[in-house]
Amino acid sequence: MSTLPDEAAVPDEQVAASGPRTPRRRLHPAWIVAAVAFLALVGAAGFRAAPGVLMVPLQQEFGWSTTVLSAAVSINLVLFGLTAPFAAALMERFGIRKVTATALVLIGMGSALTVLVNQSWQILLTWGLLIGLGTGSMALVFAATIANTWFTKSRGLVIGILTAGSAAGQLVFLPFIAVLAQDPGWRQASLLIAAGALAVVPLVLKFLKNSPADVGVLPYGAEPAATPPPAAAPDTGPRANAAVRALQVLRRASKIRTFWALAAGFAICGATTNGLIGTHFIPSAHDHGMPETTAAGLLAVVGIFDIVGTIASGWLTDRFNPRILLAVYYQFRGIGLLVLPLLLSAEVRPSMIVFVVIYGLDWVATVPPTAAICREVFGADGSVVFGWVFAAHQLGAAAAALAAGALRDATGHYTYAWMGAAAMCTIAAIISATIRKHHNSREAEPAAAYTGRHAGRH
């Protein structure tokens, strides 16, 4: 008979002292962090659904032009983008939890204060400055930071799931915002957005840990031996100024052609999603006689299929060349935008449903492969580099939102905006396809040298 004690009889203290605790856990803490991060992204996404729904009621009450309201959205999108790389560095400096909670509070404040506006400059302050800074700190770079910090395995899938949080937020908030905007009014819709952002703050403060080291585990999928420290652990190494860190990463990344290719493609991605469809689809549908609630429902369907498409894209990114995936995504999006002017009408036809489904699947499917290339080429700087690439995404969105509003005021319709966006998507597809050539070009050496010099520095 064996003299070894039954493992169940061994005291917990001996089990804890005998080796790493990770194998005995049923659920790795990384998945709890990912779940809370998903909810945080849902809460922060409320405003992303708002401008298109609230634009018409604000015009009717205050008489503001489409250009003025588009300018507020553009300021928001610019700050949304430019804040992202600094937010990534701030998460490394102060921790993911503090930055995320602060961002959600800013979104809640900006949305709540919107109910007090009565002049156009005030909407620039609330929609633009406050919510722009808050959503920028909760941008898609947040998803990349969580995935890079907490996961060694299944990073693409995790980024896809977290990115889908924004789509889920659109799905959750958009129908309610549309109904409230009509009765009792847009102010109640703004308060709903504020409540959604603030409701997640307690969960973030309690469950969103900064790094695996905080709970004494390795990142999910990491091997116990020869594992590098978590990429975003706030207490390891010297704490550099976050702004300096972000700018240093930009200076290094700007020497690599891949960075500019990703930034150009992502700028077009932003222009054709947040900038055009997200901001102007509902007003454009309204121009064709479609009720705002119906158009908002179509965008909610986009959100449903965005969740499916983004998670599927993350799964595909773990298995296939992300450059080819990007090229395919952009080209399909361009085809959809090219036919959109022919589909808009007062009623929802089957062809419009097909467009909504396809566009939803493709909405932010570009995020997992873009983040994967950033990590592949730029190593531990990948999250901050993705922040700068995302800044280009939002600059493109801001330019498109403003340009489409000006075109609408000048021509009375959005047709030229849709056709121009379709052409840009073809350009993005070509740019993305050329990224794969860099591994066999003269750029391969500087990219490899970049990773070797800087991957383990932070």
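Please read all numbers here as calculations on a predicted model, not as lab measurements. (Residues numbered from 1 in each chain as written. Predicted model: local features only at pLDDT ≥ 70, side-chain atom pairs only at ≥ 80, totals over all residues. Heavy atoms only, no water.)

It is worth spelling out the overall build of the chain at this point. Summing up its helical and strand segments, the chain has 20 helices and 0 strands in all. Relative to all contacts within the chain whose residues are 6 or more apart in sequence, the contacts with residues 24 or more apart total 85%. With an accessible surface of roughly 18,600 Å², the chain has 65% of that area assigned to carbon and sulfur atoms. (Helix = DSSP H or I, 4+ residues; strand = E, 2+ residues; numbered from the N terminus. Contact = heavy atoms within 4.5 Å. Areas by Shrake-Rupley, 256 points an atom, 1.4 Å probe, with all protein chains shown as cover.)

Looking at where S111 falls in the secondary structure, it is placed in helix α5 (residues 96-113). Filtering out sequence-adjacent residues up to four positions away, S111 remains in contact with I131, S190, I193 and A194.

Take the nonpolar core next. Membership of the largest hydrophobic core comes to 124 residues, with the highest contact counts inside it found for L54, F142, I277 and F281. In terms of residues, this core owes the most to one element, helix α18 (residues 382-411), which gives 12 residues. The contacts of L54, once residues within four sequence positions are left out, are W127, I177, A181, W186, A189 and S190. (Core = buried A, V, L, I, M, F, W, Y, C linked by side-chain atoms within 4.5 Å. Buried < 20%, exposed > 50% of the residue type's maximum accessible area, 1.4 Å probe, protein only.)

With that settled, consider the pattern of salt bridges. Between side chains of opposite charge, a pair can form as their charged atoms come close. Tallied over the entire structure, the rule returns 5 salt bridges. As a salt-bridge pair, E61 and R187 come within 2.8 Å of each other at their nearest N and O atoms. Residue E61 is located in helix α3 (residues 50-62), and its partner R187 is located in helix α9 (residues 186-199); the two are separated by 126 residues in the primary sequence. With a relative accessible area of 28%, R187 lands in the partly exposed category. The residue D287 makes a salt bridge to R408 at a minimum N-O spacing of 2.7 Å. (Salt bridge = Lys/Arg side-chain N within 4 Å of Asp/Glu carboxyl O.)

Judged by side-chain polarity, L27, I32, L39, L203 and F207 come together as a nonpolar surface patch covering roughly 400 Å² of accessible area. When contributions to the nonpolar patch are tallied by element, the ones reaching two or more residues are α2 (29-44) and α10 (201-207). By the element assignment, L27 lies in the loop between α1 (12-18) and α2. (Patch = residues over 30% accessible without salt bridge, like charges linked within 9 Å, V, L, I, M, F, W, Y side chains within 5 Å.)

With that settled, consider the packing of aromatic side chains. Describing an aromatic ring pair means giving the distance of the ring centres and the angle of the ring planes. Taken as a whole, this structure holds 11 aromatic pairs when the rule is applied. Ring plane angle 70 degrees and centroid distance 5.2 Å describe the contact between W31 and Y220, whose orientation is recorded as edge-to-face. Here W31, found in helix α2, pairs with Y220, found in the loop between α10 and α11 (242-253); they are 189 residues apart in sequence, far enough to count as distant. By relative accessible area, W31 is classed as partly exposed at 27%. You can call Y220 partly exposed: its relative accessible area is 24%. Taken together through their ring pairs, the aromatic side chains of W31, F151 and Y220 make up a single cluster. (Phe/Tyr/Trp six-rings, centres within 6.5 Å; stacked < 30°, edge-to-face > 60°.)

With 13 residues, α3 extends 17 Å between its outermost C-alpha atoms, agreeing within 8% with the 18 Å of an ideal straight helix rising 1.5 Å per residue. Maximum bend of α3: about 30 degrees, positioned at V56, with proline P57 one to four residues after it. Burial in α3 covers these residues: A50, P51, G52, V53, L54, M55, V56, P57 and L58. Note on α3: the residue one or two positions beyond its end, G63, has a positive phi of about 75 degrees. (Expected span 1.5 Å × (residues − 1). Bend = angle between axes of the 7 residues up to and from the residue.)

With that settled, the discussion passes to the packing of helix α14 (residues 292-317) against helix α16 (residues 350-362). Packing of α14 against α16 brings their axes to within 6 Å, and their N-to-C directions diverge by 40 degrees. With respect to α16, the axis of α14 lies oblique. The handedness of the crossing between α14 and α16 comes out as right-handed. Note on element contacts: α16 touches α14 through M352, I353, V356, V357, G360 and L361, opposite L298, V301, V302, F305, D306, V308 and G309. Among the residues forming the contact of α14 with α16, the class breakdown is 10 nonpolar, 2 polar and 1 charged. (Axes fitted to C-alpha atoms, helices over the stretch in contact; angles between N-to-C directions. Parallel < 35°, antiparallel > 145°, perpendicular 65-115°, else oblique. Left-handed = near helix turned anticlockwise from the far one by under 90°. Nonpolar A, V, L, I, M, F, W, Y, C, P; charged D, E, K, R; others polar.)

This next bit is on helix α13 (residues 277-287). Of all 11 residues in α13, 9 are buried, a share of seventy percent or more. Taken together, the buried positions of α13 are I277, G278, T279, H280, F281, I282, P283, S284 and A285. Downstream of α13 by a residue or two, G289 has a phi angle that is positive, lying close to 95 degrees.

Right, let's talk about the environment of A197 for a bit. Relative to the assigned elements, A197 resides in helix α9. Here the alpha-carbon distance between A197 and M109, two residues 88 residues apart in the chain, equals 9.3 Å. Residues contacting A197, with those up to four places away along its chain left out, are G43, L104, I107 and G108.

On the secondary structure map, L58 appears in helix α3. Between the C-alpha atom of L58 and that of R187, which follows or precedes it by 129 residues, the distance is 9.9 Å. Once you skip the residues sitting within four places of it in the chain, L58 turns out to touch G63, W64, L69, I123, W127 and W186.

A separate point is unusual backbone geometry. One non-glycine residue, S154, adopts positive backbone phi at about 65 degrees. Note on placement: S154 falls in the loop between α7 (140-150) and α8 (155-182). Take S154: its relative accessible area is 23%, and that puts it in the partly exposed class.

With that settled, consider the confidence of the model for the chain. Mean pLDDT over the chain works out to 80, with 85% of the residues at or above the 70 mark. Confidence scores differ between elements of the chain, with α1 showing the lowest mean pLDDT of 46 and helix α19 (residues 415-434) the highest of 92. Here residues 1-23 is a poorly scored stretch, pLDDT under 50, and it has 6 contacts once near neighbours within four places are set aside; other chains count. Scored below 50 in pLDDT, residues 437-446 shows 11 contacts in the model against residues more than four places distant or in partner chains. (pLDDT = per-residue confidence, 0-100.)

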